[in-house]
Amino acid sequence: MKKVLILSTSPRKNGNSARLAQEFEKGATSASNECEIIYLCEKNINYCKGCFGCFKNHKCIINDDMNDILDKMKKSDVIVFATPVYYYEMSGQMKTFIDRTNPLFQANYSFTDIYLLMSAADGDERPMKRVVSGLEGWIECYSKTRLKGVVKALNVTNVGDIENHVALREAYNFGKNV
Ligand SMILES: Cc1cc2nc3c(=O)[nH]c(=O)nc-3n(C[C@H](O)[C@H](O)[C@H](O)COP(=O)(O)O)c2cc1C
């Protein structure tokens, strides 16, 4: 049994990338893993201040929802990011979140396997290249981790567009085989 933490970063709680997150969760839960989705749109997460207080105190000086999430993240085996593509990049919410993981940089975190689930309006994969590359930068800094799987839902714009999309099945299968 693995501990799986899914970060759904879209401001749309039932949007396309959130649906990928939910399918991943269903798959992981069906295989008896312990799984939780956190919807960042329900959380109060501020920008990193760049103070490096976390390197001294092993905790962020900002008193918002991030310290609780970092605690869960540290104890997880698998981390999943779900994001819409925004201007050929990850969502700003996801980048803000990633910057706030800085207290984990020197911590004894458990996670090794990272998954990325993406949705985009475009019909070709080009806009997703930089999302992968952006996350790979973070993965390079967290040397125990590796990018284990990527799901790309193309041609989805509005909430609901993703229903019956093959990417939902891919997300489910990644979750099931986590
Ligand atoms: C600010 C903004 C920027 C976007 N930029 C892109 C883009 O560069 N390429 C693309 O294919 N879709 C782009 N989209 C469309 C979203 O990626 C698409 O609607 C996605 O399915 C939304 O996922 P969500 O429902 O999880 O929020 C953009 C949407 C917004 C709101």
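Quantities reported herein were computed from a predicted structural model and do not represent experimental measurements.

1. Comments concerning the overall build of the chain
Looking only at helices and strands, the chain has six helices and five strands in total. What you see in the chain, going N to C, is helices and strands ordered as β-α-β-α-α-β-α-β-α-β-α. Relative to the compact-globule value of 16 Å for 178 residues, the chain shows a C-alpha radius of gyration of 15 Å, a close match. With the C-alpha coordinates of the chain rotated into their principal frame, the extents come out at 50 × 35 × 30 Å. Buried residues in the chain amount to 49% of all 178 residues. Of the contacts formed within the chain by residues at least 6 apart in sequence, a portion of 78% connects residues at least 24 apart. For the chain, the accessible surface area stands at approximately 8800 Å², while carbon and sulfur atoms represent 47% of it. Counting 24 positive and 21 negative side-chain charges, the chain places the averaged centre of each group 4 Å from the other.

2. A look at the nonpolar core
In terms of nonpolar packing, the biggest core is built from 31 residues, with L7, M73, F81, F97, F111, L135 and W138 touching the most fellow members. Where this core is concerned, the elements lending two or more residues are β1 (3-8), α3 (66-75), β3 (78-84), α4 (92-99), β4 (113-119) and α5 (126-141). If sequence neighbours within four positions are ignored, F97 has contacts with L7, L40, I45, M66, I69, M73 and F81. Listed in part, the 23 residues of the second largest apolar core include V78, A82, L117 and A171.

3. A closer look at the pattern of salt bridges
Applying the stated criterion across every chain yields a total of 13 salt bridges. Linking K3 and E34 is a salt bridge whose minimum nitrogen-to-oxygen distance equals 3.1 Å. Of the two residues, K3 is situated in strand β1 and E34 in strand β2 (residues 34-39); the sequence distance between them amounts to 31 residues. On the basis of relative accessible area, E34 is assigned to the partly exposed category, the value being 41%. Notably, a salt bridge pairs R146 with D113, separated by 3.2 Å at the nearest N-O pair. With a gap of 33 residues between them, R146 in strand β5 (residues 146-153) and D113 in strand β4 connect regions that are remote in the sequence. Judged by relative accessible area, D113 falls into the buried class, the value being 5%. A single salt-bridge network, built from bridges that share partners, covers R19, E23, K26 and E163.

4. Brief notes about the site of the ligand
In the vicinity of the ligand there are 17 residues, among which S10, R12, N16, S17 and V85 approach most closely. Between an oxygen atom of the ligand and a side-chain N or O atom of R12, the distance comes to 2.8 Å. Within the contact set of the ligand, an oxygen atom lies 3.2 Å away from a backbone nitrogen or oxygen of A121. Within the complex, 78% of the 640 Å² of free accessible area of the ligand lies under protein.

Calculation criteria
Residues numbered from 1 in each chain as written. Predicted model: local features only at pLDDT ≥ 70, side-chain atom pairs only at ≥ 80, totals over all residues. Heavy atoms only, no water. Helix = DSSP H or I, 4+ residues; strand = E, 2+ residues; numbered from the N terminus. Rg over C-alpha atoms; globule rule 2.2 N^0.38 Å. Buried < 20%, exposed > 50% of the residue type's maximum accessible area, 1.4 Å probe, protein only. Contact = heavy atoms within 4.5 Å. Areas by Shrake-Rupley, 256 points an atom, 1.4 Å probe, with all protein chains shown as cover. Lys, Arg positive; Asp, Glu negative; His and termini not counted. Charge placed at Lys NZ, Arg CZ, Asp CG, Glu CD. Core = buried A, V, L, I, M, F, W, Y, C linked by side-chain atoms within 4.5 Å. Salt bridge = Lys/Arg side-chain N within 4 Å of Asp/Glu carboxyl O. Near = heavy atom within 4 Å. Polar contact = N/O pair within 3.5 Å; in protein donor to acceptor, adjacent residues only side chain to side chain.

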